[in-house]
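Remarks on the overall topology
Residues per chain, in single letters:
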Amino acid sequence: MESLFEGVKEFNEKDFQQYAELFSALGKRQKPHTLFIGCADSRIVPNLITRTLPGELFVVRNIANIVPYYRQTEEFVATTSCIEYAVQVLDIENIIVCGHSNCGGCNALLKTDKELENIPHTKKWLELAKRVKERIESERIENPDEREWRTEQMNVVEQMNHLITYPYIKEKFREGKINIYGWYYIIETGEVFNYDREERSFKKIE
Ligand SMILES: [Zn+2]
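Numbers given to residues run from 1 along each chain, matching the order in which its sequence is written. Totals for whole chains, interfaces and linings use every residue, but because this is a predicted model, local features are given only for residues with pLDDT of at least 70 and side-chain atom pairs only at 80 or more, for both listing and counting.

**Describing the overall build of the chain**
As a reminder, the rule being used: Strands are runs of DSSP state E lasting at least 2 residues, helices are runs of H or I lasting at least 4, and numbering of each runs from the N terminus. Radius of gyration means the value over C-alpha atoms here, while the globule rule gives 2.2 Å times the residue count to the 0.38 power. Counts of 20 or more other C-beta atoms within 10 Å of a residue's own C-beta define buried residues, counts of 12 or fewer define exposed ones, and intermediate counts define partly exposed ones; C-beta atoms are placed from the backbone. In this description, a residue-residue contact is defined by the distance between C-beta atoms placed from the backbone, which must lie within 7 Å.
Secondary structure summary: the chain contains nine helices and six strands in total. Against the compact-globule benchmark of 17 Å for 206 residues, the chain has a radius of gyration of 18 Å, which places it among compact chains. If one aligns the C-alpha atoms of the chain with their principal axes, the spans along those axes are about 55 × 45 × 40 Å. Residues counted as buried form 27% of the 206 residues belonging to the chain. At a minimum sequence separation of 6, the contacts of the chain that also span at least 24 residues come to 62%.

**A word on the sheet that holds strand β2 (residues 57-62)**
Stated precisely, the cut-off is as follows: Note: two strands are recorded as paired if DSSP finds a minimum of 2 bridges between them. Think of each axis as a best-fit line through the C-alpha atoms, taken over the contacting stretch in the case of a helix, with angles from 0 to 180 degrees between the N-to-C directions.
On the basis of which strands lie adjacent, the open sheet formed by six strands has the order β2-β1-β3-β4-β5-β6 and mixed pairing. Looking along the sheet, the strands with just one partner apiece sit at the ends: β2 and β6 (201-204). Taking each pair of neighbouring strands and ignoring which way they run, the sheet shows an average axis angle of 30 degrees. In the sheet, strand β4 (residues 179-185) pairs with strand β5 (residues 192-196) via three bridges, with the strands oriented antiparallel. Within β5, the position partnered with W183 by the bridge is N194. Strand contacts of helix α8 (residues 144-163): β3 (94-100), β4, β5 and β6, with the helix running at about 155 degrees to β3, the strand carrying the most contacts.

**Focus on the domain arrangement of the chain**
Selection rule: Domain start and stop positions are those given by an automatic or database domain assignment.
Under the domain assignment used here, the chain contains domain 1 (1-28) and domain 2 (31-204). One C-alpha centre belongs to domain 1, the other to domain 2; they are set 30 Å apart.

**Concerning the pairing of β5**
Hairpin connection from β4 to β5: six residues lie between these consecutive antiparallel strands, with G190 at a positive phi of about 80 degrees. Once β5 ends, the chain turns through four residues before running back antiparallel as β6, passing R200 with a positive phi of about 50 degrees.

**Side note on unusual backbone geometry**
Across the chain, the bulk of peptide bonds are trans and the bulk of non-glycine residues have phi less than zero. Phi at N102 is positive, roughly 55 degrees, even though this residue is not glycine. Among the structural elements, N102 can be located in the loop between β3 and α5 (104-109). At R200, a residue that is not glycine, the phi angle is positive and equals roughly 50 degrees. As for its position among the elements, R200 is in the loop between β5 and β6.

**Examining the nonpolar core**
Rules: For our purposes the nonpolar core covers buried Ala, Val, Leu, Ile, Met, Phe, Trp, Tyr and Cys residues that link as a set through C-beta atoms within 7 Å.
In this structure, L35, I37, A64, I95 and V97 are the most contacted members of the largest nonpolar core, which totals 38 residues. Looking at this core, the elements that each hand over two or more residues are β1 (34-39), β2, α4 (78-89), β3, α5, α7 (130-139), α8 and β4. In this view, I95 contacts L35, I37, L163, I178 and I180; residues no more than four positions away in its chain are not counted.

**Comments concerning the environment of G55**
Note on placement: G55 falls in the loop between α3 (46-50) and β2. For G55, a count of 16 C-beta atoms within 10 Å translates into the label partly exposed. Spatially, the C-alpha atom of G55 lies 6.5 Å from that of K31, the residues being 24 residues apart in sequence. Beyond its immediate sequence surroundings of up to four residues, G55 is in contact with L26, Q30 and P32.

**Points about the pairing of β1**
Counting buried residues in β1 gives six out of six residues, a clear majority hidden from the surface. The pairing of β1 with β2 spans six bridges and is classified as parallel. When the bridges of β2 are listed, T34 appears paired with L57.

**Quick look at the packing of α7 against α8**
The condition that has to hold: We call a crossing left-handed when the near helix sits turned anticlockwise from the far one by less than a right angle, and right-handed when that turn is clockwise. Classes in brief: Ala, Val, Leu, Ile, Met, Phe, Trp, Tyr, Cys and Pro nonpolar; Asp, Glu, Lys and Arg charged; the others, Gly included, polar.
Two elements in contact, α7 and α8, have axes separated by 9 Å at closest approach and are oriented at 140 degrees. Judged by the twist between their axes, the crossing of α7 over α8 is right-handed. Contacts between α7 and α8 involve R131, V132, R135 and I136 from the first element and R147, R150, T151, M154, N155 and E158 from the second. When grouped by side-chain class, the residues that make up the contact of α7 with α8 number three nonpolar, two polar and five charged.

What follows is the structure in structure tokens.
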């Protein structure tokens, strides 16, 4: 914990000074161009992998980079309100759904009820990827690594589709006012793959 306090001190003394002008300009307003929907996993650092600065990405993270289906509700919905704010207020131009390798959330999707006993809310949350679970189970992939990657990538595409259930996103997407991307990030190599809609496959960004 001590190191986090040290980190803040060093940030103020060093890094902040380097970006002082930028932070000053951002002090009263933000105009991010992209909504980044990623997994809460500690190994995913959106600004690092996109080399973006403060003010560029509006980030929402949750277990397994999930986009809940659009619905009107009186409940407290964090991800949905982030999406709403980014699109309706900040008027972002791009949405990236970014999945990743070795995703604990996607892995949990394929676990038994018994194994998920102590994480009931995570289990409930993962129901939003139920269709991925069903499809993966029907594919009966023998190789565990292949099944893992397939689950994670299929989940990205599934969540991209969920975005279109939001009436205001659907409209902007049709009018070409918003771009929707699906990314797959491999932790150990740093490679990022972008989903190609026509070919229905992930292509390495290079
Ligand atoms: Zn994850």
